[in-house]
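Spelled out from the first residue to the last, the chains are:
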Amino acid sequence: MHLARFAAALAATFVAGAASAQLANLEEALRTTPITSEPLGGNLHVLNGVGGAIVASIGEQGVLIVDDQFPEMAPKYKDEIRRLGGGDIDFVINTHWHFDHADGNLALGPEGTWIVAHENSRRMLTQDNVINLVAMTREQPAYPPEARPVMSFTDAMMFHFNGEAIELLHFGPAHTTGDTAVIFRGSNVVHMGDVFNTAGYPFIDADNGGSLEGIIAFCSAVLERIDENTVVVPGHGPIGGYEDLVEYVGMLTAIRDRIQALIDDGASLEQVLAVAPTA
């Protein structure tokens, strides 16, 4: 078995139970979970609710957010943005196309918010997809035209908004084939999407082109473009920093090397699980 799929299957074995429970309780969570916010310095705040973390830039030029969770959460985070001094959401950047980070497009796009994503994420949002969570699958239908990105990029894109440069960077297949790291240069903050996950085991969407090697390479490339004082926002979980991302890369590299050695020795998936290479 190829390393990328082997490692993805291994990691997904650990996260599948939690993902299944989360999806089963999703409707209740969307109804009852509030939005909480935490300042990141300058014009930036991180908003948490149901789905991926949102980073919001709120300033004189307007409001730009990174990721938008679910349509049901949109009224809640829009209220929080207004409480923080913002107005309508002008731009949303999708770090990738998965439902828990991009379904909010369905609410924001028709309202006139400009949606931005990597070209591969835009392509995925134009078609029907299936996300393999191992214990179950999640169908994600094509988004209507008004909920799709109106701007896309290949390797890099730059915003100049609310007094700072905002870099959008792509370094190849990682969590998916369309991941974007968003670096707020003035605030020294990077949103990694699900390429960086501090809430549990990493999830690699290998069925849709994700890659363990790609996650390692993607995170390593981001580390070369930030510094030791950078705030690192994961797709899920507590906010981290430069050293947390360094440790994450080291952990993934060690697991990759252990799994590759077992594969080279002819081990089956069951035998690899028995060894517990992530322990």
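Reading the values: the criteria
- Residues numbered from 1 in each chain as written.
- Predicted model: local features only at pLDDT ≥ 70, side-chain atom pairs only at ≥ 80, totals over all residues.
- Heavy atoms only, no water.
- Salt bridge = Lys/Arg side-chain N within 4 Å of Asp/Glu carboxyl O.
- Helix = DSSP H or I, 4+ residues; strand = E, 2+ residues; numbered from the N terminus.
- Buried < 20%, exposed > 50% of the residue type's maximum accessible area, 1.4 Å probe, protein only.
- Polar contact = N/O pair within 3.5 Å; in protein donor to acceptor, adjacent residues only side chain to side chain.
- Contact = heavy atoms within 4.5 Å.
- Expected span 1.5 Å × (residues − 1).
- Pairing = 2+ DSSP bridges.
- Axes fitted to C-alpha atoms, helices over the stretch in contact; angles between N-to-C directions.
- Parallel < 35°, antiparallel > 145°, perpendicular 65-115°, else oblique.
- Left-handed = near helix turned anticlockwise from the far one by under 90°.
- Nonpolar A, V, L, I, M, F, W, Y, C, P; charged D, E, K, R; others polar.

1. A look at the pattern of salt bridges
Right, so step 1: Counted according to the given criterion, the structure contains eight salt bridges.
Right, so step 2: A salt bridge links Asp-79 to Arg-82, with the nearest nitrogen and oxygen atoms 2.4 Å apart. With a gap of three residues between them, Asp-79 and Arg-82 both fall in helix H3 (residues 74-83), about one helical turn apart.
Right, so step 3: Judged by its relative accessible area of 45%, Arg-82 is partly exposed.

2. Some thoughts on the side chain of Ser-57
Right, so step 1: Looking at where Ser-57 falls in the secondary structure, it is placed in strand S3 (residues 54-59).
Right, so step 2: Classification of Ser-57 as buried rests on a relative accessible area of 0%.
Right, so step 3: Polar contacts involving the side chain of Ser-57 include one to the side chain of Asn-162, which spans 3.0 Å.
Right, so step 4: Residues contacting Ser-57, with those up to four places away along its chain left out, are Asn-43, Leu-44, Gly-62, Val-63, Leu-64, Phe-161, Asn-162 and Phe-184.

3. Some details on helix H8 (residues 242-264)
Right, so step 1: Spanning 23 residues, H8 covers 33 Å between terminal C-alpha atoms, matching the ideal 33 Å at 1.5 Å per step.
Right, so step 2: Within H8, burial applies to Tyr-242, Leu-245, Tyr-248, Val-249, Leu-252, Ile-255, Arg-256, Ile-259, Leu-262 and Ile-263.
Right, so step 3: At the exit of H8 stands Gly-266, carrying a positive phi of roughly 90°.

4. A word on the sheet that holds strand S2 (residues 44-48)
Right, so step 1: Here seven strands make up an open sheet; going across it, the order is S1-S2-S3-S4-S5-S6-S9 and the pairing mixed. Every other strand in the sheet has two partners, leaving strand S1 (36-41) and strand S9 (151-153) as the edge strands with one partner each. Each adjacent strand pair in this sheet contributes to an overall mean axis angle of 20°, direction not counted.
Right, so step 2: Across four bridges, S2 lies against S3 in antiparallel orientation. From the neighbouring strand, His-45 faces S3, where its bridge partner is Ala-56.

5. Examining the environment of Gln-140
Right, so step 1: Residue position: Gln-140 is located in strand S8 (residues 137-140).
Right, so step 2: Among the residues examined, Gln-140 registers a relative accessible area of 3% and is labelled buried.
Right, so step 3: For Gln-140, the contacting residues outside a window of four places in its chain are Trp-97, His-98, Phe-99, Leu-125, Gln-127, Asp-128, Asn-129 and Ile-131.
Right, so step 4: Here the side chain of Gln-140 touches Trp-97 through a polar contact of 2.7 Å, landing on its backbone oxygen.
Right, so step 5: From its side chain, Gln-140 meets the backbone nitrogen of Phe-99 in a polar contact 2.9 Å long.

6. Brief notes about the environment of Lys-78
Right, so step 1: Looking at the element boundaries, Lys-78 is found in helix H3.
Right, so step 2: Between the C-alpha atoms of Lys-78 and Ile-35, which are 43 residues apart in sequence, the distance is 9.5 Å.
Right, so step 3: Beyond its immediate chain neighbours, meaning those up to four positions away, Lys-78 contacts Ile-89, Leu-108 and Glu-111.

7. Points about the pairing of strand S12 (residues 181-184)
Right, so step 1: Side chains of S12 alternate between two faces, with Ala-181 and Ile-183 and Val-182 and Phe-184 buried alike.
Right, so step 2: Across four bridges, strand S11 (residues 164-169) lies against S12 in antiparallel orientation. Of the residues in S12, the one forming a bridge with Leu-168 is Val-182.
Right, so step 3: Relative to strand S13 (residues 189-191), S12 runs antiparallel, the two sharing three bridges.

8. Observations concerning the packing of helix H7 (residues 212-223) against H8
Any two packed helices are characterised by the angle at which their axes cross and by the distance between the axes.
Right, so step 1: For the pair H7 and H8, interaxial distance at closest approach is 10 Å and the crossing angle is 155°. Taken together, H7 and H8 sit at an angle that is classed as roughly antiparallel. For H7 against H8, the interelement crossing comes out left-handed. Residues Leu-212, Glu-213, Ile-215, Ile-216, Cys-219, Ser-220, Val-222 and Leu-223 of H7 lie in contact with H8, whose contacting residues are Tyr-242, Leu-245, Val-246, Tyr-248, Val-249, Leu-252, Thr-253 and Arg-256.
Right, so step 2: Of the residues that constitute the contact of H7 with H8, the class distribution is twelve nonpolar, two polar and two charged.

9. Let's talk about the pairing of strand S10 (residues 156-161)
Right, so step 1: Sheet topology note: the S10/S11 ladder contains six bridges and is antiparallel. Note that in S11 the partner of Phe-161 across the bridge is Glu-164.
Right, so step 2: Taken together, S10 and the strand that follows it, S11, pair antiparallel across an intervening segment of two residues, in which Asn-162 is found at a positive phi of about 50°.

From the geometry alone we can't say anything about function, so treat these as descriptive.
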